[in-house]
Amino acid sequence: MDKDDFLSMDFKEVVENLVANDNSPDIPEAIDRLFRDIANINRESMAEITDTQIEEMAVNLWNWALTGGGWRVNEERKVKVHYVACKLLSMCEASFASEQGIQRLIMMNTRIGREWLDAGNFLIADECFQAAVASLEQLYIKLIQRSSPDADLIMEKITVERDHFRVLSYQAESAVAQGDFQRASMCVLQCKDMLMRLPQMTSGLHHLCYNFGVGTQKNNKYEESSFWLSQSYDIGKMDKSTRPEMLAEVLRLLATNYLDWDNTKYFDKALNAVNLANKEHLNSTGLSLKMKILLKGETSNEELLEAVMEILHLDMPLDFCLNIAKLLMDHERESVGFHFLTIIHERFKSSENAGKVLLLYIDILLQRKEELLAKEKIEEIILAHQTGRQLTAELMNQLHNILWRKATSSFEVQNYADALQWYYYSLRFYSPDEMDLDFAKLQRNMACCYLNLQQFDKAKEAVAEAERHDPRNVFTQFYVFKIAVIEGNSERALQAIITLENVLTDEESEDNALVAKRDSPTMLLSLAAQFALENGQQIVAEKALEYLAQHSEDQEQVLIAIKCLLHVVLPKIAEMPESEDKKKEMDRLLTCLNRAFVKLSQPVGEEDLSLESRANEAQWFRKIAWNLAVQCDKDPVTMREFFLLSYKMSQFCPSDQVILIARKTCLLMAAAVDLEQGRKASTAFEQTMFLSRAFEEIQICNDIQNFLKQTGTFSNDSCEKLLLLYEFEVRAKLNDPLLESFLESVWELPHLEIKTFETIAIIAMEKPAYYPLIALKALKKALLLYKKEESIDISQYSKCMHNLINLSVPDGASNVELCPLEEVWGYFEDALSHISLTKDYPEVEILWLMVKSWNTGILMFSRSKYVSAEKWCGLALRFLDHLTSFKESYETQMNMLYSQLVEAVSNNGGPVFHEHGYWRNSD
């Protein structure tokens, strides 16, 4: 049966289907529909159905829900079904025609109202209760109207009144739940008036008012609570079966309510209520409450003394008496409290609880600054302890706490000698077989006092005892460290710092929780670093600062520690020669600076640095990283790391011109190192890794460079040329398919120098790159620039010419020229013209040109290009004329070979000449 079927049925069909199908999955939806529709249904709308049929529907629904209603029906839906059944029954005239019908409606409405009340639906609950009251009134009228024996009539009236009482109490609960105090109180008072006729209902109403009082007091509704508790007491008194303990509890709660409401205005009422409670049933709670009330008012010491004497006469337990004494002390009634404690002490001094009294007595004496009397009492305990009358373990712990607390208060005001006296009292209670962790703690506390008193030998003895019993304690190691520093024992101090760090990082250490409560487990490292610096132990301080930066979670503390460490270490490093030790120090500083960067990278929160403070810190660290990078010129890898760190730090700084230039320079230096490592890489994988890393750095540099160029200030910046060369090298060696398009823009750049083109040519042919055409083009552009110069550097020009010709005409007869020989001939002629104009042209280069042109001629001869062969060999003789020291070695042989060449050309070539005609540069 689906939802659409339900919607098409009339109300009667829905009811019949619901009752007939216990396990239908649509039951919850059907119930909700009935509950929703019943509000719009009345007798007229169901005129076609007889009262008998309606009554049958109602009874079936009621019983169906009562017997379970199917496994899919929860308690709330069962209440809904009962509600629908009751509403249906109310439509039948027959339901009101007989007393039995009315009684049935009363029962149903009362039960359903209670169920809705428990479910928290107070409006429907009130509707049901109101219907029940109306039915009760109708029933009462019928009872009066019919004639019956007086005894029967009285019993039936009592039954009606009992049901009415029950409904009224339910209505009161609903009203209280809705905060309607006036309606609730009217219902309860109406119930109270009925108790003379219904005495058996007294206890229930008494407890109901008590619960109302407790609930309203929790919600700070003191006036309402006072009313309910007063009614609870009054009603409880009407029932002789009410226990006095219960009445006393109600009165104590009432007294407390007055106290919380306004202890000044309602002081008398509170006191009267607690006095009445103590008369009903006297116990320790009532007496304690009375004392609290008295202390809240302007009670004289005489009245208080009278009250405490009453407690003594009642022979109350010791713990109760001690608590009253503490209460008096806490409320600054020391004279009464101390007098009371003195009496307690005398009364219980011979009992087994004498120690408990004595400890409190000592504690109070110390609070009253009566230290001499307190010491007398402590000596009494020591004497008893030594003669076998020892305190229990619990009381001994209390005594130690009292003594340590007093010692601590003396220590805090720098009265270290007095603190030692109290610690010494504690020490006297320890026997050799009772040494525990608290004993070690005591020794540490005493050591701290000795240190402040400059009594180092005694402090050392105390620390030794503490270390013997608790070596893994962080505070023990801290004091071991302090003693070592004072003695100038750097090795021992350093070992203590290392141990301290190990303990702090030990997750299973029992002391970590204690240290964590004091803000940070690195607190002791901070104190250790400070103490070491104050005492000139620089190496120890460095280690403490390093550990502090490593383990602290506090951003500011980490940055301060690292800055302090750098201030200490930097001057020392600057004076160190290049060595393995210096390398280790640099690595250590690099680690610290990286940690500073991590801390600066944390999101800015309430407890962290502001953006401005973070920028200032980053500026400082950026400069330090830069300076350290400069000092690492012999270690490029470490230098790169420092430059990159300086770059990363600069990202927290405002991006002004100075910072942008610094960022660019850092990345440029890092890229240079990566390129160099790429050149030296032993594997293709490593080379690719280094080159790719360099490429990323170069790209960021380019972005910064382009941004700077927009200012118009850096258009001729020399970095631009370096970036160009670096990027070309990376692209060339990574075989970048976009290399050609990259170079198209490079060739168009103005202001490129000869050296730049020559470097491009070298890179283009440097393994694994092989781009001879690019190298050739670059050399041509370089040569063109040489020609434009007014004064040519002939040495550099000769090298450029050498490379250009060698690339254009490779050695060996089997090689193919990269450009026409006519063009190459022009390069030789150009070189020859410069040789003719200067004596500075390197002779080795002239010799090379001579050999190159001669071999070219021989190559032409071998290809049967005889005219060209004679031409090139003749060019070689022209270079020969410009040789000086080498001329004699070559002149005779070359002239002879040239004659043979001319003769061979005349005879159309010859195999003998072809075989022997080549020259080597070394010949």
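As the structure is a computational prediction, the values presented were derived from the model and not from experiment.

Looking only at helices and strands, the chain features 45 helices and zero strands. Computed over C-alpha atoms, the radius of gyration of the chain comes to 54 Å, more than 25% over the 29 Å expected from 2.2 N^0.38 for 923 residues, which places it beyond the range of a compact globule. Oriented by its inertia axes, the alpha-carbon framework of the chain measures out at about 170 × 100 × 50 Å. Residue burial in the chain is summarised as follows: out of 923 residues, 48% are buried. Taking contacts inside the chain between residues at least 6 apart in sequence as the whole, the part at least 24 apart equals 64%. Counting only carbon and sulfur atoms, one obtains 51% of the accessible surface of the chain, whose full area is about 46,600 Å². Across the chain, 96 positive and 139 negative side-chain charges occur, with their mean positions spaced 2 Å apart.

When the UniProt feature table is mapped onto this chain numbering, "repeat: TPR" (unreviewed entry) sits at residues 440–473. Secondary structure across residues 440–473 divides into 79% helix and 0% strand, with the first and last C-alpha atoms of the span separated by 9 Å.

On to the nonpolar core. Counting residues in hydrophobic clusters, the biggest one holds 168 residues, and the most contacted among them are Met291, Phe340 and Phe481. Here this core gets 10 residues from one element, more than from any other, and that element is helix H13 (residues 244–262). Look past the residues within four positions of phenylalanine 340 in its chain and what remains in contact with it is Val308, Ile311, Leu312, Cys321, Ile324, Ala325 and Leu328. In terms of nonpolar packing, the next biggest core, distinct from the first, is built from 70 residues, Val809, Trp825, Trp872 and Leu875 among them.

With that settled, the discussion passes to helix H43 (residues 866–880). With 15 residues, H43 should cover 21 Å at 1.5 Å per step; its first-to-last C-alpha distance of 21 Å lies within 8% of that length. Regarding H43, the residues found buried are Ala869, Trp872, Cys873, Gly874, Leu875, Ala876, Leu877, Phe879 and Leu880. On its buried side, H43 packs onto helix H41 (821–837), helix H42 (843–862) and helix H44 (887–906).

Here the focus is helix H26 (residues 490–504). Taking 1.5 Å per residue, 15 residues should reach 21 Å; H26 reaches 21 Å between its end C-alpha atoms and fits that length. Taken together, the buried positions of H26 are Ala493, Ala496, Ile497, Thr499, Leu500, Glu501, Val503 and Leu504.

Another aspect to go through is the packing of helix H12 (residues 222–238) against H13. Where H12 meets H13, the closest approach of the two axes is 9 Å, and the angle between their N-to-C directions is 160°. As judged from the angle between their axes, H12 and H13 are roughly antiparallel. Of the two elements, H12 crosses H13, and the hand of that crossing is left-handed. Where H12 abuts H13, its residues Tyr222, Glu223, Ser225, Ser226, Leu229, Ser230, Ser232, Tyr233, Gly236 and Lys237 lie against Leu247, Val250, Leu251, Leu253, Leu254, Asn257, Tyr258, Asp260 and Trp261. Tallied by class, the residues present in the contact of H12 with H13 amount to 10 nonpolar, six polar and three charged.

The subject of this paragraph is the pattern of salt bridges. With the rule as written, the count across this model stands at 48 salt bridges. In this structure, lysine 237 and glutamate 280 form a salt bridge, with 3.1 Å as the shortest nitrogen-oxygen distance. You can see lysine 237 sitting in helix H12 and its partner glutamate 280 sitting in helix H14 (residues 267–280), a full 43 residues away along the chain. Here lysine 237 falls in the partly exposed class, since its relative accessible area comes to 45%. A salt bridge links aspartate 587 to lysine 583, with the shortest nitrogen-to-oxygen separation between them at 2.9 Å.

On the surface, Asp433, Glu434, Asp436 and Asp438 cluster together into a patch of negative charge. The topology assignment puts aspartate 438 in helix H23 (residues 437–452).

Inspection of the secondary structure assignment puts proline 772 in helix H39 (residues 772–788). Classification of proline 772 by relative accessible area gives buried; the value is 14%. Taking the C-alpha atoms as reference, proline 772 lies 115 Å from glycine 236; in sequence the two are 536 residues apart.

This brings us to unusual backbone geometry. Going from lysine 767 to proline 768, the amide bond is cis rather than trans, its omega being 5°. Its location among the elements puts proline 768 in the loop between helix H38 (754–764) and H39. Phi at glutamine 454 takes a positive value of approximately 65°, unusual for a residue other than glycine. Mapped onto the elements of the fold, glutamine 454 is located in the loop between H23 and helix H24 (456–469). Positive phi is not limited to glycine here, since asparagine 735 has a value of about 55°. Inspection of the secondary structure puts asparagine 735 in the loop between helix H36 (718–733) and helix H37 (739–747). Relative accessible area serves as the criterion here: at 56%, asparagine 735 is assigned to the exposed category.

The final tally for this structure, using the stated rule, is 28 aromatic pairs. Chaining the aromatic ring pairs together yields one cluster made of Phe181, Phe212, Phe227 and Trp228. Seen from the ring of tyrosine 170, arginine 114 lies directly overhead, with NZ or CZ sitting 4.7 Å from the centre.

By the element assignment, glycine 488 lies in the loop between helix H25 (474–487) and H26. For the pair formed by glycine 488 and cysteine 873, sequence separation is 385 residues and the distance between their alpha carbons is 87 Å.

Rules used in this analysis
Positions within a chain are numbered from 1, following the residues in the order the chain's sequence is written. Since the coordinates come from a predicted model, pLDDT governs what is reported: local features require at least 70, and pairs of side-chain atoms require 80 or more to be given and counted, while whole-chain, interface and lining totals use all residues. In computing side-chain values, all of the structure's heavy atoms are included and hydrogens and water are not. Helix and strand labels come from DSSP, where a helix needs a run of H or I of at least four residues and a strand needs a run of E of at least two; each type is numbered from the N terminus. Restricting the calculation to C-alpha atoms gives the radius of gyration, and the globule rule supplies 2.2 Å times the number of residues raised to the power 0.38. A simple rule labels every residue: compare its accessible area, found with a 1.4 Å probe on the protein chains alone, to the largest value its type can have, and call it buried under 20%, exposed over 50%, or partly exposed in between. Two residues qualify as a contact provided that any one of their heavy atoms is within 4.5 Å of a heavy atom in the partner residue. The Shrake-Rupley method, run with a 1.4 Å probe, gives the accessible areas here. Residue values count only the displayed protein chains as cover. In this tally, Asp and Glu contribute negative charge and Lys and Arg positive charge; neither His nor the terminal groups of the chain are included. To locate a charge, take atom NZ for lysine, CZ for arginine, CG for aspartate or CD for glutamate. UniProt positions are given in the numbering used here, feature names are shortened, and annotations may be inferred rather than shown by experiment. The term nonpolar core refers to a set of buried residues drawn from Ala, Val, Leu, Ile, Met, Phe, Trp, Tyr and Cys, joined through side-chain atoms within 4.5 Å. Here the expected span of a helix is defined as 1.5 Å times the quantity of residues minus one. Axis definition: a line fitted to C-alpha atoms, over the contacting stretch in the case of helices. Angles run 0 to 180 degrees between N-to-C directions. Should an angle fall under 35 degrees it is called roughly parallel, over 145 degrees roughly antiparallel, and 65 to 115 degrees roughly perpendicular, with every other angle called oblique. Rotating anticlockwise by less than a right angle from the far helix to the near helix defines a left-handed crossing, while the corresponding clockwise rotation defines a right-handed one. Each residue is assigned to one class: nonpolar for Ala, Val, Leu, Ile, Met, Phe, Trp, Tyr, Cys and Pro, charged for Asp, Glu, Lys and Arg, and polar for all the others, Gly among them. Any carboxyl oxygen of Asp or Glu within 4 Å of a side-chain nitrogen of Lys or Arg constitutes a salt bridge here. By definition, no residue in a patch forms a salt bridge, and every one has over 30% relative accessible area; like charges are joined within 9 Å, nonpolar side chains (Val, Leu, Ile, Met, Phe, Trp, Tyr) within 5 Å. Aromatic pairing here means that ring centres of Phe, Tyr or Trp (its six-membered ring) are within 6.5 Å. Orientation follows from the plane angle: under 30 degrees is stacked, over 60 is edge-to-face, and everything else is tilted. Here, over-ring charges are defined by two tests on the NZ atom of lysine or the CZ atom of arginine: distance to the ring centre within 6 Å, and angle to the ring normal within 35 degrees.

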